[in-house]
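Spelled out from the first residue to the last, the chains are:
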Amino acid sequence: MALKWTDSLDIALALIDVHPDVDPTQVRFTDLMQWVVELDEFDDDPSHCGERILEAIQQHWIDEAD
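Residues numbered from 1 in each chain as written. Predicted model: local features only at pLDDT ≥ 70, side-chain atom pairs only at ≥ 80, totals over all residues. Heavy atoms only, no water.

Caption draft 1: Focus on the pattern of salt bridges. For the coordinates displayed, the defined rule picks out two salt bridges. Across the pair Asp43 and Lys4 runs a salt bridge, and its minimum N-O distance is 3.7 Å. Residue Asp43 is located in the loop between helix 2 (29–38) and helix 3 (51–65), and its partner Lys4 is located in the segment before helix 1 (8–18); the two are separated by 39 residues in the primary sequence. On the accessibility criterion, Asp43 (47% relative accessible area) is partly exposed. Notably, a salt bridge pairs Arg28 with Asp31, separated by 3.2 Å at the nearest N-O pair. (Salt bridge = Lys/Arg side-chain N within 4 Å of Asp/Glu carboxyl O. Helix = DSSP H or I, 4+ residues; strand = E, 2+ residues; numbered from the N terminus. Buried < 20%, exposed > 50% of the residue type's maximum accessible area, 1.4 Å probe, protein only.)

Caption draft 2: Structural detail: the environment of Val27. Note on placement: Val27 falls in the loop between helix 1 and helix 2. With sequence-adjacent residues up to four places away left out, Val27 is seen in contact with Val22, Leu32, Trp35, Gln58 and Trp61. (Contact = heavy atoms within 4.5 Å.)

Caption draft 3: Structural view of helix 1. Within helix 1, burial applies to Ser8, Ile11, Ala12, Ala14 and Leu15. Mapping the buried residues of helix 1 onto a view down its axis gives an arc of 165°, with all of them on the same face. In this structure, the buried residues of helix 1 make contact with helix 2 and helix 3. (Arc of directions from axis to C-beta.)

Caption draft 4: Inspection of the packing of helix 2 against helix 3 at higher detail. In the contact formed by helix 2 and helix 3, the axes pass within 10 Å of each other and the chain directions differ by 80°. Between helix 2 and helix 3, the crossing angle belongs to the class labelled roughly perpendicular. Contact residues: Phe29, Leu32, Met33, Trp35 and Val36 in helix 2; Glu51, Leu54, Glu55, Ile57, Gln58 and Trp61 in helix 3. Tallied by class, the residues present in the contact of helix 2 with helix 3 amount to eight nonpolar, one polar and two charged. (Axes fitted to C-alpha atoms, helices over the stretch in contact; angles between N-to-C directions. Parallel < 35°, antiparallel > 145°, perpendicular 65-115°, else oblique. Nonpolar A, V, L, I, M, F, W, Y, C, P; charged D, E, K, R; others polar.)

In structure tokens form, the structure reads like this:
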């Protein structure tokens, strides 16, 4: 399944699998964006990302990690 920026929950779940020991509350948005772009399943234009998208991904990651 190809991930797009709008798939914030699925991206968060993928990040949990790839970075299981990371505290999502401590991740900088620059790192978060890079990690998303590096996901094998990610297939979207990196320039279409904004702060609101990264906030949504991070919030899902926090919610799912609990």
